[in-house]
Amino acid sequence: SVPAAILSALSAAARGGVLFKGGAALETLATVQTFAFDKTGTLTTGRAEVTRLLPLDIDETTLLALMSGIESHSEHPIADALRRAVELRGLTPETVTDVTAHPSEGITGTHASGPIWAGNPRMAARMGADLTHPALAILQDGSETVVYLGRGDVLLGAVAVADQPRATSREGLAALRHAGIKTIVMMTGDRRPVALRIGQALGLSPQEIHADLLPADKVRLVSDLAARGRVAFVGDGVNDAAALARADVGIAMGAAGSEVALQAAEVALLSENMDRLAAAHRLARRTAAIIR
Ligand code: ADP
Ligand code: MG
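What you are looking at is a predicted structure, and each value in this text was computed from that prediction instead of being measured.

Rules of the game
- Residues numbered from 1 in each chain as written.
- Chains lettered and ligands numbered in written order.
- Predicted model: local features only at pLDDT ≥ 70, side-chain atom pairs only at ≥ 80, totals over all residues.
- Helix = DSSP H or I, 4+ residues; strand = E, 2+ residues; numbered from the N terminus.
- Buried ≥ 20, exposed ≤ 12 C-beta atoms within 10 Å, placed from the backbone.
- Domains from an automatic or database assignment.
- Contact = placed C-beta atoms within 7 Å.
- Nonpolar A, V, L, I, M, F, W, Y, C, P; charged D, E, K, R; others polar.

A. Region of the structure containing unusual backbone geometry. Phi at aspartate 212 is positive, roughly 55 degrees, even though this residue is not glycine. Within the fold, aspartate 212 resides in the loop between β10 (209-210) and α9 (215-226). Its 15 C-beta neighbours within 10 Å are what place aspartate 212 among the partly exposed residues. Of note, the phi angle at asparagine 239 is positive, near 70 degrees, even though the residue is not glycine. One can find asparagine 239 in the loop between β11 (231-235) and α10 (241-246).

This is the structure:
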């Protein structure tokens, strides 16, 4: 039977918006030495904004209509940003079919004009598109995520998308450090300059920031960290379900995250407040001390 101390801790955590799948997850969280965080949708709000548009072969309206058309099939925060940008302008997304998601790269599909894609430099390289157009330089200055749109190997344009840290991310990480967690890392499929802007705003050092990762790279990094002690991975499930599953404790952003995150995780954070995570960790430690 489950000790009364654990049952009461589980219900106290639940009142704070942290749901454990069972007492074992609470006990494991008490022994965690490393916290690894996904960036987009986890440490950041996931409510990205389209900040700049750069149409190359087409006009702005077509750029947005094509991009939102292909992204309407995606649950990535970038897709959400495009959806809101076209709504704001009263535009209608173009119809795109045969859509395939390429995790941490982008998305491909078929439009009446031909095969189109949207994504990062890795996706552009896969399609043979050239990203050296001089007009791209200002967009690539480093602080925003650049999403490219192409048809085959022709680059049609790009948009810049900016996401912001959650208001409580910085204090949440500080509280974990205060509790004695020595290793905290951020992992992202986004480019390093963007990762540095967000990570450093949250008090992370450059060595704690891992960028340009594919989903499998996140899993490998979690495994590397696990060789030195128990690891908790906190993610929203978009491209990080495997890392959530690999960690000793997977912690899913419950309200903002995806269904797959909740399946892969042992803990769900229903609150978007990162302080609640640190509070649940303290509670897990106190409970372990009582039952030991
Ligand atoms: P994170 O690890 O921070 O959560 P992801 O792994 O989800 O980030 O995405 C990494 C990068 O892959 C994004 O910054 C973007 O450049 C590209 N990407 C992923 N999904 C999409 C998409 N649906 N449309 C365009 N680009 C995408
Ligand atoms: Mg994410």
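B. Up close: the domain arrangement of the chain. Partitioning the chain into structural domains gives domain 1 (4-45 + 164-291) and domain 2 (49-162). Just the C-alpha atoms count here: the centres of domain 1 and domain 2 sit 30 Å apart. At the junction of the two partners, domain 1 supplies 13 residues and domain 2 supplies 9 residues. Breaking the side of domain 1 that touches domain 2 down by element, the ones donating at least two residues are α3 (39-43) and α8 (192-201). Along the lines of polarity and charge, the residues of the side of domain 1 that touches domain 2 split into 6 nonpolar, 5 polar and 2 charged.

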